[in-house]
Amino acid sequence: SAGLLEGRPSTGVTIDVPIGEQIKLIAEALPRARTVGVLYRSDAPGSKDVLQLLQKSIPEDWRVQAIAVNDFPSIAEAITALIDKRVDVIWTEPDAKIFDSAAVRTLLLAAVRAKVPVWGFSPAFVRAGALLGVGVEPASQGKQAAELVIESLSEHPPASERAVPPQQFQIAVNLIVARQLDVEVPESLRQRAAFVYQPEEK
């Protein structure tokens, strides 16, 4: 009734950092990594789409080991099955049907015990115990969205009606976890990180 559905559709800005950019960061932090583990839902089209996109985004000499959580009685058993695949890193994405707070805790605990690095889909995830990850700062996302609004009101608005990925994102690194996993995070990556969680000095 407010008229929001009238007129020309406009684009928006997602909080999803392109998977290709995420893989580049994983390769930089873990140069020996070749096998990416991922949890997904085979009964959810969106989850399967993300898995396919991940498979297309990795280098040719990498491979994906995927575990469908809906094939297991519990998320803990699915996580155990994934770790048993001897993956080099576990990649996560913000799927609320898979990762609630309990699932995140279970994954991080199991991964540290098995010395498997976890890629977190947010700085909070990294702070909780993932080795590294990314996030989008709300102000930069808002600025990008405002620029899209200005473009949409111009004489030549963008032709695409799809939401666009963020132009900027923040890197998060957990050096506490890196020490537990015996992983040396490159200094270049530490310098670019907006969030660096370090061990407390005694």
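Residues numbered from 1 in each chain as written. Predicted model: local features only at pLDDT ≥ 70, side-chain atom pairs only at ≥ 80, totals over all residues. Heavy atoms only, no water.

A.B. asks: Any chance you could explain the layout of surface pockets here in plain terms?
C.D. replies: Summary: where empty space remains is shown by rolling a probe the size of a single water molecule over the atoms. What the second largest pocket holds in volume is close to 210 Å³. Looking at the lining of the second largest pocket residue by residue, the class counts come to 7 nonpolar, no polar and 3 charged. (1 Å grid on protein atoms, 1.4 Å probe; cavity = no way out; pocket = protein on both sides within 12 Å on 5 of 7 lines; lining within 4 Å. Points joined across faces, edges and corners; volume = space filled by probe spheres on them. Nonpolar A, V, L, I, M, F, W, Y, C, P; charged D, E, K, R; others polar.)

A.B. asks: Where do I start with the packing of helix α3 (residues 75–83) against helix α4 (residues 101–114) in this structure?
C.D. replies: It is the contact of α3 with α4, at a shortest axis distance of 10 Å, that shows an interaxial angle of 30°. It follows from the interaxial angle that α3 and α4 lie roughly parallel. Considering only the axes of α3 and α4, their crossing is right-handed. Between α3, through Ile75, Ala76, Ile79 and Ile83, and α4, the contact on the second element is made entirely by Ala103, Thr106, Leu107, Ala110, Ala111 and Ala114. Among the residues forming the contact of α3 with α4, the class breakdown is 9 nonpolar, 1 polar and no charged. (Axes fitted to C-alpha atoms, helices over the stretch in contact; angles between N-to-C directions. Helix = DSSP H or I, 4+ residues; strand = E, 2+ residues; numbered from the N terminus. Parallel < 35°, antiparallel > 145°, perpendicular 65-115°, else oblique. Left-handed = near helix turned anticlockwise from the far one by under 90°. Contact = heavy atoms within 4.5 Å.)

A.B. asks: Could you clarify how one ought to interpret empty space enclosed by the protein in this entry?
C.D. replies: For the structure shown, the criterion picks out 1 cavity of 30 Å³ or more. For the largest cavity, the calculated volume is near 30 Å³. Taken together, Val38, Leu39, Tyr40, Ser47, Val50, Leu51, Trp91 and Glu93 make up the lining of the largest cavity. Elements represented by at least two residues in the lining of the largest cavity include exactly β1 (35–40) and α2 (45–57). Of the residues that constitute the lining of the largest cavity, the class distribution is 6 nonpolar, 1 polar and 1 charged.

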